[in-house]
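Observations on the three-dimensional arrangement
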Amino acid sequence: MPQPIPDDARLPELTLRGVMLGAVITLLFTASNVYLGLKVGLTFASAIPAAVISMAVLRRVAGANKLENNMVQTQASAAGTLSAIIFVLPGLLMIGYWQGFPFWQTTAICAIGGILGVLYTIPLRRVMVVQSDLPYPEGIAAAEILEVGSRDAARAADDGQRGDGDAGGARNEPGAREILLGGIVAAGFSIASGGLRLLADSISVWFSVGRAAFQLSTGFSLALVGAGYLVGIVGGMAMLIGTLIAWGIAVPWLTSVTPMEAGQSLADAGMALWSDKVRFIGAGTIGIAAVWTLATLFKPMLIGIRTSLGAMRGDQGAFRDQARTERDLPAGIILALTVALLVLLTVVFAIFLHGAAPQLAGAAFWTLTLGSVLFAGVFGFLIAAACGYMAGLVGSSSSPISGIGIVAVILVSLLLLGFTAVSDAFDVLDPAVARMLPTALALFVTSVILAVAAISNDNLQDLKTGYLVGATPWRQQVALIIGCVVGALVIPPVLSLLYNAYGFAGAMPREGMDPGQALGAPQASLMTAIVRGVFSHDLEWTMIVIGLAIGVVLIGVDEWLRWRGGKARLPVLAVGIGIYLPPSINMPLVIGAVLGWLIDRRLRACALARGDDVERASERPRRRGVLLASGLIVGESLVGVLLAGVIGLSGAPAPLALVGDGFAGIARWLGLAVFVAVCLGFYRRVLAAPAAG
């Protein structure tokens, strides 16, 4: 376990150089998470790679220590987590309410929601972090990384003083070079495919059996391979099952019973049915999985809420009388900031509503504005306490943030539906505005709640890391707030850049753009479809009910596996995502998960053959794999953002292309060959024996 810095130590923690470095890392990881989230509906945890980069940079600076590195990773992980707001905001473009992302409105929603998430969970630190035995998997892992890096830096310094050069252990320890290597490989592949068009980004084969259409497809995204490696074999197999349900059962059955339109190809017919019908099966499965997950965590959620309320009433003594490692932000500052943020949120909602319906009557206007703020503030507080506990229990990566967003958007929609039923305020509005406004407001309110949930989900993990290494809590809480502000400033321009370059599914900025290049924004598409269905009463209920039924059966299977014991599980949410996303996205994730499983099997076999402890022998290769996978994600995502800038400046859809459409056939096989080679190289790199010290 990490050795905490003693209370009486006075080491630099929240420094200007650390904040500046954190801002740079924030820019990289936030942009990467925004791109990845819009493309496939997944984001990755940035705490560990941020800590590794911070240690690699600051170890060259006098006076650096693990507390300063902890502040950098805290700031960067908060900003990366805040990018989960992209699971909702693109819906405002999909319904036609926004034509872009207004900078100050988007920034304000991100910053206010994120900072509220920090403030709401500060009272939980003492009870849920210090006095609790909750596992906090990501928090403990980040603390271990900081401890190892601190020991290696000290060992290297000692060896340097003795003239021995770099320490063997420090030199062989996986670090920033693994992230850099993964980033360079993924960036090169992404430039060759998305920029130069020498390599294809996917391969797909359609065939029919009778009237039933089948598709075999995979994408070549190295970022998704990295994400699949981090997801693990359980989640990967669940997504494969979802893919088989969609493309091995649902699409073939629907194509066999649905006549094709005149001139429609087999591929067009299959994709149309998947988009219009099958995805709602996935939506139903995701919905029931989200509700079941929240139901199983209902007791922990109540514990978290009760603990938070109790902690707010507690008296922990004067700030100056407390030990350094016990000092949270004072309650007066927390309360003042919360009130100020809720006032600012009122202003933001008022501007949002006035922009949509300036003729809305005074009473109705303020009822909607204050009602939205009250719901976001109160429900956000309850969700923050629940998410804080869930993060400690199952980890940030496993917490059902998308499920919380779905529940929140349904509740907001039902409340607004009730308002429209008892009020005639919308009768004075243009019919098009009256139809759009409730949907837009539901999405806008949900975006605040999702920001609160995402940050509260991350906050206690970071505070657990800080507790284990001996950080000063109030300084770490300030770092979290700084991370939210920096992330909020980064997210809007990245969103605008990606939207104008690629467009979103169902929302293209200009005519003549290639819809095949559009970013799917799957969560935003799903939540928008749900809200539209609530207000227009035209959801694909047959498909959704089928998805609900499939979800119930799968929940039963998962509970049986849990009761039986062992590692085998069937996460139903991942199955639903497998149904909802296209196979070109699902299959690289599955490949990454299988790659990780094969690596673990090989590590275990080698350790047993040598008579070594499996966990100890696998620790360093697994860390190398995590950092390589993070590098793959960051490299491809950053190139995607940079290419978006090139496309936006040039106005051409493929300004760097060296070949035309006639090269597509060769590009597919070249892409497949390079993709396989990189996966094999990843496998060999993770398993490579360390060089001799």
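Scroll up to find the structure this text is about.
Attention here is on the structure that accompanies the text.

Cut-offs applied
- For every chain, the first residue of the written sequence is number 1, and numbering continues from 1 onward in sequence order.
- Confidence filtering applies because this is a predicted model: local features only for residues at pLDDT of at least 70, side-chain atom pairs given and counted only at 80 or more, and all residues used for totals across whole chains, interfaces and linings.
- Working from all heavy atoms in the structure, the side-chain values ignore hydrogens and water.
- Secondary structure elements follow DSSP: runs of H or I of four or more residues count as helices, runs of E of two or more count as strands, with numbering from the N terminus.
- The buried label applies to any residue whose accessible area, calculated with a 1.4 Å probe on protein chains only, is under 20% of its type's maximum; exposed applies above 50%, and partly exposed to all values in between.
- Two residues form a contact once any of their heavy atoms are found within 4.5 Å.
- Every accessible area reported is derived by Shrake-Rupley at a probe size of 1.4 Å, with residue values counting cover from the shown protein chains alone.
- Between N or O atoms, a polar contact is any pair within 3.5 Å; within protein, one atom must be a potential hydrogen donor and the other a potential acceptor, and residues adjacent in sequence are included only when both atoms are from side chains.
- Each axis is a line fitted through C-alpha atoms, and for a helix only the stretch in contact is used; angles between axes span 0 to 180 degrees, taken between their N-to-C directions.
- What sets the label is the angle itself: under 35 degrees gives roughly parallel, over 145 gives roughly antiparallel, 65 to 115 gives roughly perpendicular, and the rest give oblique.
- When the near helix sits turned anticlockwise from the far one by under a right angle, the crossing is termed left-handed; a clockwise turn instead gives a right-handed crossing.
- Nonpolar residues are Ala, Val, Leu, Ile, Met, Phe, Trp, Tyr, Cys and Pro. Charged residues are Asp, Glu, Lys and Arg, and all others, Gly as well, are polar.
- Patches draw on residues past 30% relative accessible area with no salt bridge. Two like charges within 9 Å are joined, as are two nonpolar side chains (Val, Leu, Ile, Met, Phe, Trp, Tyr) within 5 Å.
- We count a salt bridge whenever a side-chain nitrogen from Lys or Arg sits within 4 Å of a carboxyl oxygen from Asp or Glu.
- Strand pairing follows a simple DSSP-based rule, namely that at least 2 bridges must link the two strands.

What follows concerns the overall build of the protein. From N to C terminus, the protein includes 24 helices and two strands. A buried classification covers 55% of the 693 residues belonging to the protein. Residue pairs at least 24 apart in sequence account for 82% of intrachain contacts in the protein once pairs closer than 6 positions are excluded. Entry remark: accessible area of the protein is about 28400 Å², with carbon and sulfur atoms responsible for 65%.

Right, let's get into the environment of Asn69. Take Asn69: it is sitting in helix H3 (residues 66-82). Apart from residues lying up to four places away in sequence, Asn69 is in contact with Ser54, Met55, Leu58 and Leu146. In this structure the side chain of Asn69 is engaged in a polar contact, spanning 2.6 Å, whose partner is the side chain of Ser54.

Relative to each other, helix H10 (residues 222-231) and helix H22 (residues 583-610) sit at 50°, their axes nearing to 6 Å. For the element pair H10 / H22, the angle class is oblique. Between H10 and H22 lies a crossing of right-handed hand. Contact with H10, carried on its side by Leu224, Val225, Ala227, Gly228 and Tyr229, involves Ile585, Pro588, Leu589, Gly592, Ala593, Leu595, Gly596 and Ile599 of H22 and no other residues of that element. In terms of residue class, the contact of H10 with H22 is built from ten nonpolar, three polar and no charged.

This part covers a nonpolar patch on the surface. A surface patch of nonpolar side chains, amounting to about 450 Å² of accessible area, comprises Leu335, Val339, Val343, Val347 and Ile351. Within the secondary structure, Leu335 sits in helix H14 (residues 331-356). Judged by its relative accessible area of 56%, Leu335 falls in the exposed class.

What follows concerns the packing of helix H11 (residues 233-257) against helix H21 (residues 572-580). Across the interface, H11 lies against H21 with an axial gap of 7 Å and an inter-helix angle of 45°. Considering the angle they form, H11 stands oblique to H21. Pair H11 / H21 crosses with right-handed handedness. Of H21, the residues touching H11 (which contributes Gly235, Ala238, Met239, Ile241, Gly242, Thr243, Ile245 and Ala246) are Ala574, Val575, Ile577, Gly578 and Ile579.

Time to look at the pairing of strand E2 (residues 212-219). The buried fraction of E2 is high, at six of eight residues. From the end of strand E1 (residues 202-209) to the start of E2, which pair antiparallel, there are two residues, and Gly210 there has a positive phi angle of about 70°.

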